[in-house]
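Given next are the chains, with one letter for each unit.
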Amino acid sequence: MKINIIGGGPAGLYFAILMKKADPALEITVYERNGPDDTFGWGVVFSGRTLRNLRAADAESHAEITQAFEAWDNVDVVHGGDKISIHGNSFSGIARLQLLKILQRRCEQLGIQLLFRTEVADIDSLRGTCDLLVAADGVNSTARKQYSTHFDPSLDVRPNRYIWYGTNRLFHGLTLIFRENEDGVFVAHSYQFNKTTSTFIIECDQQTWEKTAFASISDEQTRDYLEKVFQKDLNKAPLLSNKSSWINFLLVKSNNWYFENVVLLGDALHTAHFSIGSGTKLAMEDAIALHKCFEQTRKVEDALSKFQLIRKPVIEEYQAAAYESMRWFEKARQYMNLSPIELAYALMTRSGRVDLEDLKKRDPAFIATYENQKAVSSKQ
């Protein structure tokens, strides 16, 4: 069986690893347009559940990944001069480039051919030379565009703008920072992913973005402005750019996940807003699910049909929760009048996946404080 994979990100590399590990006789080639050391963005996040899935799928790469992790159990919400911490949450962060290097090395150990700096110009020809073509070529997938009549995708450009920076200011735990000035409201999503660096994603609504005139100023001027907005939080540490630019989140859904011998994987297939979890987590779990389908049958169309049947409801449920979370952040300016503890509670329950009882189990002290303040407010 010959497998061609377009895209050397986590989805494509991990699927290649699982398939080759299960059957060394497979001929697998990964085509990646960028170089082996190129990456965009900073850190990525995994939940405790995802880590258990990775360990069961490939213990070797799991061991190396977890050695490089920064782990935490707290979500911190910063509003005004207060920081509210909610414990009992299992998350870990790793540098995106470090994760890719681990997966690249594992591919090389298994004998998978990795072709970097290779743009696939003729997808039709490539799929004609293999039994299975996996399109794991990201949110702006060329394969999804070329075969859009087959995949029937839905693309929803969301109104908020966001920009993905790093910083040497270390934020232990997932930290959500809400700041407001004369131009509008800004929210930062930050977490430490190695010993020296944190991710620092900043988002704002269209009204704020236009008032600040970000479209007409340079990257350096943008960072200077945002460093002032978050000066209390960054503690004089600069924002670090890696080809960082303002973009709108693109919500991707696909009615059909495959046709003939072609299947989409990861961000090419679906996206979920960064406020609820990492696309990397979903991409690697996609790879696990697709591999399991091929464990049950080597008939390509049967395996792809089963993959869509089993995995699509899982993704739809996750995307529904991510949609509620995304919409919550799009309306962030409406919540700036809440007290810090009220804002923290609203944030933790925003997606509908976590409720009062869940939070009581995770962090009873947080809920006790929230309910006490609620009782005091009701008497006033």
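Rules used throughout
Residues numbered from 1 in each chain as written. Predicted model: local features only at pLDDT ≥ 70, side-chain atom pairs only at ≥ 80, totals over all residues. Heavy atoms only, no water. Helix = DSSP H or I, 4+ residues; strand = E, 2+ residues; numbered from the N terminus. Rg over C-alpha atoms; globule rule 2.2 N^0.38 Å. Buried < 20%, exposed > 50% of the residue type's maximum accessible area, 1.4 Å probe, protein only. Contact = heavy atoms within 4.5 Å. Areas by Shrake-Rupley, 256 points an atom, 1.4 Å probe, with all protein chains shown as cover. Lys, Arg positive; Asp, Glu negative; His and termini not counted. Charge placed at Lys NZ, Arg CZ, Asp CG, Glu CD. Expected span 1.5 Å × (residues − 1). Pairing = 2+ DSSP bridges. Axes fitted to C-alpha atoms, helices over the stretch in contact; angles between N-to-C directions. Parallel < 35°, antiparallel > 145°, perpendicular 65-115°, else oblique. Left-handed = near helix turned anticlockwise from the far one by under 90°. Nonpolar A, V, L, I, M, F, W, Y, C, P; charged D, E, K, R; others polar. Arc of directions from axis to C-beta. Salt bridge = Lys/Arg side-chain N within 4 Å of Asp/Glu carboxyl O. Disulfide = S-S within 2.5 Å.

*Asks:* Sorry, what's going on with the overall build of the protein here?
*Replies:* Helix and strand counts for the protein come out as 15 helices and 17 strands. Against the compact-globule benchmark of 21 Å for 380 residues, the protein has a radius of gyration of 22 Å, which places it among compact chains. Dimensions of the protein, computed from C-alpha atoms along their principal axes, come out at roughly 70 × 45 × 40 Å. Residues classed as buried in the protein amount to 56% of the 380 residues present. Within the protein, counting contacts between residues at least 6 apart in sequence, those at least 24 apart form 74% of the total. A total accessible area of about 16700 Å² is found for the protein, and carbon and sulfur atoms account for 47% of it. Side chains of the protein carry 45 positive and 48 negative charges; the gap between the two charge centres is 3 Å.

*Asks:* In this structure, what is going on with the environment of Asp267? I would like to understand it.
*Replies:* For Asp267, the position within the fold is in the loop between strand S17 (262-264) and helix H11 (279-296). Judged by relative accessible area, Asp267 falls into the partly exposed class, the value being 33%. It is 8.2 Å that separates the C-alpha atoms of Asp267 and Asn140, two residues lying 127 residues apart in sequence. Sequence-distant contacts of Asp267, that is, excluding residues within four places in its chain, are made with Gly138, Val139, Arg144, Val252 and Gly279.

*Asks:* Even after reading the chapter, I still don't get helix H4 (residues 96-110), so can you show me in this structure?
*Replies:* Each full turn of the α-helix corresponds to 3.6 residues, which orients residues three or four apart in the same direction. Along its 15 residues, H4 runs 21 Å from first to last C-alpha, staying within 8% of the 21 Å computed at 1.5 Å per residue. Listed as buried for H4 are Arg96, Leu99, Leu100, Ile102, Leu103, Gln104, Arg106 and Cys107.

*Asks:* When you look at the sheet that holds strand S9 (residues 132-135) in this model, what are you seeing that I'm missing?
*Replies:* One key point about sheets: their strands pair by backbone hydrogen bonds, in either a parallel or an antiparallel sense. In space, the six strands of this open sheet follow the order S8-S2-S1-S9-S17-S16, with mixed pairing throughout. The open sheet is flanked by strand S8 (113-115) and strand S16 (258-259), the only strands paired with a single partner.

*Asks:* Would you mind going over the sheet that holds strand S7 (residues 91-95) with me for this structure?
*Replies:* Taken in spatial order, the three strands line up as S3-S7-S4 in an open sheet, and their pairing is antiparallel. Each having just a single partner strand, strand S3 (43-47) and strand S4 (70-72) make up the two edges of the open sheet. The mean angle between the axes of side-by-side strands here comes to 25°, regardless of whether they run parallel or antiparallel. Two strands pair when backbone bridges link them, and S4 and S7 are joined in this way by three bridges, in the antiparallel orientation. Across the sheet, Glu70 pairs through a bridge with Gly93, a residue of S7. On top of the sheet, H4 reaches S3 and S7; it is set at about 80° to S7, its chief contact.

*Asks:* Mind showing me how you'd approach the pairing of strand S13 (residues 198-204) here?
*Replies:* Consecutive side chains of a regular strand alternate in pointing toward one face of the sheet and then the other. With seven of seven residues buried, S13 is to be regarded as a mostly interior element. Burial along S13 is two-sided: the residues Ser198, Phe200, Ile202 and Cys204 and Thr199, Ile201 and Glu203 are all buried. Sheet topology note: the strand S10 (residues 153-167)/S13 ladder contains seven bridges and is antiparallel. The residue of S13 that forms the bridge with Tyr162 is Glu203. In this sheet, S13 lies alongside strand S12 (residues 184-192) in antiparallel orientation, the contact comprising seven bridges. Paired with Ser190 across the two strands is Phe200, which belongs to S13. Hairpin geometry of S12 and S13 is characterised by an intervening segment of five residues between the two adjacent antiparallel strands.

*Asks:* I keep staring at the packing of helix H3 (residues 59-67) against H4 and nothing clicks. Help me out?
*Replies:* A pair of packed helices can be characterised by two numbers: the angle between their axes and the separation between those axes. In the contact formed by H3 and H4, the axes pass within 10 Å of each other and the chain directions differ by 150°. Accordingly, the angle class assigned to the pair H3 and H4 is roughly antiparallel. In this structure, H3 crosses over H4, and the sense of that crossing is right-handed. Note on element contacts: H4 touches H3 through Leu99, Ile102, Arg105 and Arg106, opposite Glu60, Ser61, Glu64 and Ile65. Its residues placed into classes, the contact of H3 with H4 shows three nonpolar, one polar and four charged.

*Asks:* Honestly, H3 in this entry has me stumped. Any pointers?
*Replies:* Burial in H3 covers these residues: Ser61, His62 and Ile65. Summarising the axial view, the buried residues of H3 lie within an arc of 105°, below the 170-degree limit, and thus occupy one face. Looking at the buried positions of H3, the neighbouring elements they touch are helix H1 (10-22), helix H2 (48-57), S7 and H4.

*Asks:* Any chance you could explain the pattern of salt bridges here in plain terms?
*Replies:* Side chains that carry opposite charge are capable of pairing whenever their charged atoms lie near each other. Taken as a whole, this structure holds 23 salt bridges when the rule is applied. Notably, a salt bridge pairs Arg106 with Asp58, separated by 2.9 Å at the nearest N-O pair. Highlighted residues: Arg106 in helix H4 and Asp58 in the loop between H2 and H3, separated in sequence by 48 residues. A residue is classified by how much of its surface remains accessible, and Asp58, at 0% relative accessible area, is buried.

*Asks:* What's the story with the state of the cysteines in this structure? I'm lost.
*Replies:* Two cysteines form a disulfide when their sulfur atoms are joined by a covalent bond. Using the criterion set out here, one finds zero disulfides in the structure. Summary of cysteine pairing: Cys130 is not part of a disulfide, and the nearest cysteine sulfur, belonging to Cys107, is at 17 Å. The exposure class of Cys130 is buried, given its relative accessible area of 10%. Cys293 carries a free sulfur, and the closest cysteine sulfur to it, the one in Cys130, is 18 Å from it. Assessed through its relative accessible area of 3%, Cys293 is described here as buried.

No statement about biological role is implied by the geometric values presented.
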